[in-house]
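# Residue-level structural notes
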Amino acid sequence: KTDAGVEGLCLDLGKMSGLRELRLYMQDDKISLKAVEALGGAFMSMKALRLLRINLDRTHMDDEAFAALCAIFGKLQDITLLALWARNNGLSSAGVDPLVEACQNLKLSSLKIELPGNKISRETKDKLEQLKSDFQGKEGCVIKV
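Presented here is an overview of the structure given in this document. (Residues numbered from 1 in each chain as written. Predicted model: local features only at pLDDT ≥ 70, side-chain atom pairs only at ≥ 80, totals over all residues. Heavy atoms only, no water.)

## Considerations on the pairing of strand β5 (residues 140–144)
Alternating residues of β5 divide into C141 and I143, all buried, and G140, V142 and K144, none buried. Across five bridges, strand β4 (residues 110–114) lies against β5 in parallel orientation. Looking at β5, one finds that I113 is bridged to I143. Remark: the β4/helix α5 (residues 122–134)/β5 crossover connection has right-handed handedness. (Buried < 20%, exposed > 50% of the residue type's maximum accessible area, 1.4 Å probe, protein only. Helix = DSSP H or I, 4+ residues; strand = E, 2+ residues; numbered from the N terminus. Pairing = 2+ DSSP bridges. Right-handed = clockwise from strand over helix to strand, strands pointing away.)

Below is the structure:
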């Protein structure tokens, strides 16, 4: 998808304010910060959204764009389930660290994060492990790095 394609998708998603569950598959794409900002606008307008599943496997996305996406997750205070697959993206800890903070700020019942194949430091892996051990949601937490 191009940025224009993602922006078009976001315009359509933004009109779905009553949608409770979103499964977004954007594997093998290239996503820029501009596209992430458009996604953020769409997510914020989806007031009924409770379940968010996003698959970004093998998507070309720099750390800045991924960090911005994670910051958006942290603003979605009404979601109860977050599942994020971002395997083999070439992300570093600079992109992944904001994900930990975002998840800590949410009241989730279920969390699933898969990040294998990225260049994540030991310190960030430890933060993810701490997030997993501190998780209070009734449906559990799975984190794979």
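## Concerning the environment of A71
Mapping A71 onto the fold places it in helix α3 (residues 63–75). A residue is classified by how much of its surface remains accessible, and A71, at 39% relative accessible area, is partly exposed. Through-space distance from the C-alpha of A71 to that of I143 is 18 Å; in sequence the pair is 72 residues apart.

## What to know about the packing of α3 against helix α4 (residues 93–104)
One way to put it is that α3 packs onto α4 with a least axis distance of 7 Å and a crossing angle of 5°. One element, α3, and the other, α4, form an angle in the roughly parallel class. Along the contact surface, α3 presents D63, F66, A67, C70, F73 and G74, while α4 presents A94, G95, V96, P98, L99 and A102. The residue makeup of the contact of α3 with α4, split by class, is nine nonpolar, two polar and one charged. (Axes fitted to C-alpha atoms, helices over the stretch in contact; angles between N-to-C directions. Parallel < 35°, antiparallel > 145°, perpendicular 65-115°, else oblique. Contact = heavy atoms within 4.5 Å. Nonpolar A, V, L, I, M, F, W, Y, C, P; charged D, E, K, R; others polar.)

## Observations regarding the nonpolar core
If you look at the biggest cluster of nonpolar residues, it comprises 46 residues, and the most contacted ones within it are F43, L52, L56, F66, F73, L111 and L115. Residue contributions to this core peak at six residues, all from α3. Those residues within four positions of L111 in sequence are excluded, and the remaining contacts are L82, C103, L131, F135, G140, C141 and V142. (Core = buried A, V, L, I, M, F, W, Y, C linked by side-chain atoms within 4.5 Å.)

## As for helix α2 (residues 33–45)
For α2, built from 13 residues, the straight-helix expectation of 18 Å at 1.5 Å per residue is met to within 8% by its first-to-last C-alpha distance of 19 Å. Those residues of α2 that sit buried are A35, V36, L39, G40, A42 and F43. Down the axis of α2, the sector holding all buried residues measures 165°, keeping them to one side. Facing away from the buried surface of α2 by more than 90 degrees, the exposed residues are K34 and E37. (Expected span 1.5 Å × (residues − 1). Arc of directions from axis to C-beta.)

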